[in-house]
Amino acid sequence: MNRDFTKITLLFLLGCLLFSCKRDEASDKQEQRIRPVTQLLEKRFPTLKNKILFELIENSEDKFEIEKSNGKILIKGNNTISLASGLNYYLKKVCKTSFSWTNDKIILPEELPLPSQKITKTSPYKISTYMNYCTFGYSTVFWDWERWEKEIDLMALNGVTHPLAIVGVEAVWRNTLKHFEYSDNEIKDFLSGPAYLPWMLMGNLEKIGGPLPNEWFNRQITLQKKIVAKMRAYGMKPIFQGFYGMVPNSLKEKFPKAKIIPQGEWVETLVRPEVLSPLDQLFEEMSAVWYREYEKLFGKADYFGGDLFHEGGKKGGIDVSEAALMVQKNMTKNNPNAVWVIQAWGENPTEELLHKLDRKSTLVVDLCAEFWQRWKEKDAFYGTPWVWSNISNWGGNIGLHGRLDAIAEGPTDGLKDSIASKWLKGIGFTPEGVETNPIVFDLWSEMRWETNPLDLNDWIQDYTEQRYSVNIQELKEAWLGFYKTAYGTYETHRRPSESIFCAKPSLNITGASTWGESKIFYSSQEFCKHLNLFLSVSDKVETNKNYEYDVVDMVRQYLADLGREAYSEMVKSFNKKNNKEFQFWSERLISLIKDQNKLLSSHKDFILGSWIKNARKAGISEEAKDLYEYNAKLLITTWSEENDGLNDYAHREWGGLLNDFYLPRWVKFIDSLQACLKDKNCEIPPEVDFFGGDLNWSKTIMHASPYPSGNSVEIAKNLFKKYYLQEQ
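Residues numbered from 1 in each chain as written. Predicted model: local features only at pLDDT ≥ 70, side-chain atom pairs only at ≥ 80, totals over all residues. Heavy atoms only, no water.

K.L.:
What's the story with the nonpolar core in this structure? I'm lost.
P.N.:
Where a protein is soluble and globular, its nonpolar side chains tend to be buried together. Counting residues in each nonpolar core, the largest one holds 251 residues, and the members touching the most others are F534 and W639. Per element, the largest residue contribution to this core is 14 residues, and it comes from helix 21 (residues 545–575). Once residues within four sequence positions are removed from consideration, F534 is found in contact with Y468, L475, A478, W479, F482, Y547, D550, V551 and M554. (Core = buried A, V, L, I, M, F, W, Y, C linked by side-chain atoms within 4.5 Å. Buried < 20%, exposed > 50% of the residue type's maximum accessible area, 1.4 Å probe, protein only. Helix = DSSP H or I, 4+ residues; strand = E, 2+ residues; numbered from the N terminus. Contact = heavy atoms within 4.5 Å.)

Below you can see the structure in the form of structure tokens.
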């Protein structure tokens, strides 16, 4: 009897031990899976440690729940990104504070608020893409690990699952080409400089801005390894660069029998890399090396970008359907789970290109769906999984813009469309430049969790309270005015209204860049009225970092709008040969540019010196530092060393740049007009050649200060008052 009892007892104890071990093992596994979000909490919001708990739940859809639990906050989610999204939602909606590009030191109430009832959000999407190829030139090119780490944390908080991750791809190119008889010098003769690598990857150019120093490869490899490690820790699926056939122009010299298709010029002056036909045997060989070398450096990936015939590429008579199929087959040969991520841009992707692709291994990102809606025109890309995405920023330009109504309604239009909804898999944000118009990023990321359009009148007021961590009615009313003016959704208004200050001076300016325009689509008087209201309560929020950024940006826009009027009146007075009026308006235009420079020089996010500092900081040798500075300045001015349609495409309203680059152009132009007015025989002044001087400016090494000067809020208020009183 005692033996049986002892046996049963031992079995019972053993069972308890096994159960306890399994429970501990499950607990350890869960703790390991949620560790990235607990580390995020500790690093970004240390005062919340031990006040917020996380728990993983089983759910087939992306979902988070927020509730109170024994005086603490309990956030549940089906994966790490959902947990991070739940944390962000709690901070914004319950704590009324926000972590953003413009402020990473959030303001929290002394006593942590508990939600009055359980909050549950379920996303209609499994995919959330982020970034554009161009972002890696116009914004992130010289970011260090600290800046990248912040951005990846921001991605997690805002629900990003599939970020573009192309840092270090130049090292993959180097390693691949070495297998095909290329020397180090020949490789460097092909690869572009740091700022131009995105356009090289898209098949638009080669060589420009180079050659790359050896130290750059080492820097980018180290950086990318950290980037993808953190992305993967969150459960993100980074999108790498696929091999789609773009090759150096020199490849035909090494393989004269291969079918290599010349691609001509991009924007009429820049020589494009050629395309190796995917139907050629050499393509299969290069593709195999490409994916092998990529994996050696950065591990296995499931998603690969790359576009055949991007922006006018030539097909060379090949069977496009077969060629696309071979691109995909070689991709999946490397990884059976690989998905080809294709940009919907211009005419791409055509029905012919998509025709033979395995739809399960294809994803189309509709880049500018907030304006063009190609998903409608092409019936969900002829039955292909797709992502609704908005661009909003172009060239990293500074200007209030967002098409907020289109963003609040567009994704849900896709969800409700009888055809497109079957193939709609995600939502994306693909700006050409980041760190501008933070409201756009916030709105887009909330649409990740919505199945119906948001009421923007309510959302804007809530956003205002979150952004400044105060409940002030004047701020809410001001932002409702900004939404209905500068952030409105207008027909044909794809890009921000470009600043006259940044335009190449002439008597008939329509925009600062080839594809932009300076037309103001909203009532500048209405915008001014709400800006006055926004500034009227500055004493209550002037120490808030988000308010400091916004007040500079709003007054910047106000001065830029006045600049359009000054320019228009100056031209009119010149045409009328009215010297007195011309003198007044030309002096006013110059005064506005100088005041704009003073305003922007007061904030770290609006100064040229910050851009140059980051570029030089990326280098070790003086030679490398000088090259990076040249890349940085060339890109935002003439764009390249060619006088073509890309000049001023990436113009920036920045302190230092206005004073040193744009102002001298205007002074030179106005001087030529004044000389013409004094000459009775002069009807039209001789055309001024700015390009040579612009290019020389980029080539001159400078010491632009990266430090802001003055009190941003006070300067903004004083400048607004100065011009506002003149207008009354």
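Read on for the rest.
K.L.:
Would you explain the sheet that holds strand 17 (residues 424–429) in this entry?
P.N.:
Two modes of strand pairing occur in sheets, parallel and antiparallel, and in both the strands are linked by backbone hydrogen bonds. Judged by pairing direction, the sheet is parallel, and its eight strands sit side by side in the order 6-5-17-16-15-14-13-7 without closing on themselves. Single-partner strands in this sheet number two, and they are strand 6 (162–163) and strand 7 (239–241). (Pairing = 2+ DSSP bridges.)

K.L.:
For this particular structure, what's the right way to read the pairing of strand 14 (residues 339–344)?
P.N.:
Remark: a regular strand shows side chains that alternate across the two faces of the sheet. Burial analysis of strand 14 places six of its six residues in the buried class, the great majority of the element. With three bridges connecting them, strand 13 (residues 303–305) and strand 14 associate as parallel partners. Considered in strand 14, the bridge of G305 is made with V341. With helix 11 (residues 320–334) bridging strand 13 and the parallel strand 14, this β-α-β connection has right-handed handedness. Pairing of strand 14 with strand 15 (residues 362–366), which is carried by five bridges, proceeds in the parallel orientation. Within strand 15, the residue paired with A344 across the bridge is D366. (Right-handed = clockwise from strand over helix to strand, strands pointing away.)

K.L.:
Would you mind going over the packing of helix 21 against helix 25 (residues 657–678) with me for this structure?
P.N.:
Packed helices, taken two at a time, are described by their axes: the angle between them and the distance between them. Following both chains from N to C, one finds helix 21 and helix 25 inclined at 20°, their axes separated by 11 Å at the closest point. Considered as vectors, helix 21 and helix 25 are oriented roughly parallel to each other. Crossing handedness for the pair helix 21 and helix 25: left-handed. Residues Y567, M570 and F574 of helix 21 pack against W666, F669, I670, L673, C676 and L677 of helix 25. (Axes fitted to C-alpha atoms, helices over the stretch in contact; angles between N-to-C directions. Parallel < 35°, antiparallel > 145°, perpendicular 65-115°, else oblique. Left-handed = near helix turned anticlockwise from the far one by under 90°.)

K.L.:
Could you clarify how one ought to interpret the packing of aromatic side chains in this entry?
P.N.:
Aromatic rings in a pair are described by how distant their centres are and how their planes are angled relative to each other. Going through the model one piece at a time under the given rule, you end up with 59 aromatic pairs. Ring centres of W375 and W386 lie 5.1 Å apart, and the angle between their planes is 15°; on these two criteria the pair is classed as stacked. Taken together, the residues span a long stretch of sequence, with W375 in helix 13 (residues 374–377) and W386 in strand 16 (residues 386–390) at a distance of eleven residues. Look at F534 and Y547: their rings are 4.8 Å apart centre to centre, the planes differ by 35°, and that puts the pair in the tilted class. (Phe/Tyr/Trp six-rings, centres within 6.5 Å; stacked < 30°, edge-to-face > 60°.)

K.L.:
What is the right way to read unusual backbone geometry from this model?
P.N.:
With glycine set apart, most residues show a phi of negative sign, and most peptide bonds adopt trans. At the junction of G210 and P211, the peptide bond is cis and its omega measures out at 0° in the coordinates. Cis geometry marks the peptide bond from N348 to P349, where omega comes out at -10°. Phi at E311 is positive, roughly 45°, even though this residue is not glycine. Position of E311 relative to the elements: it lies in the loop between strand 13 and helix 11. Residue class for E311 comes out partly exposed when judged on its relative accessible area of 34%. The phi dihedral of R403 falls on the positive side, at around 50°, and the residue is not glycine. In this structure, R403 sits in the loop between strand 16 and helix 15 (404–416).

The values reported here are purely geometric and, on their own, carry no functional implication.
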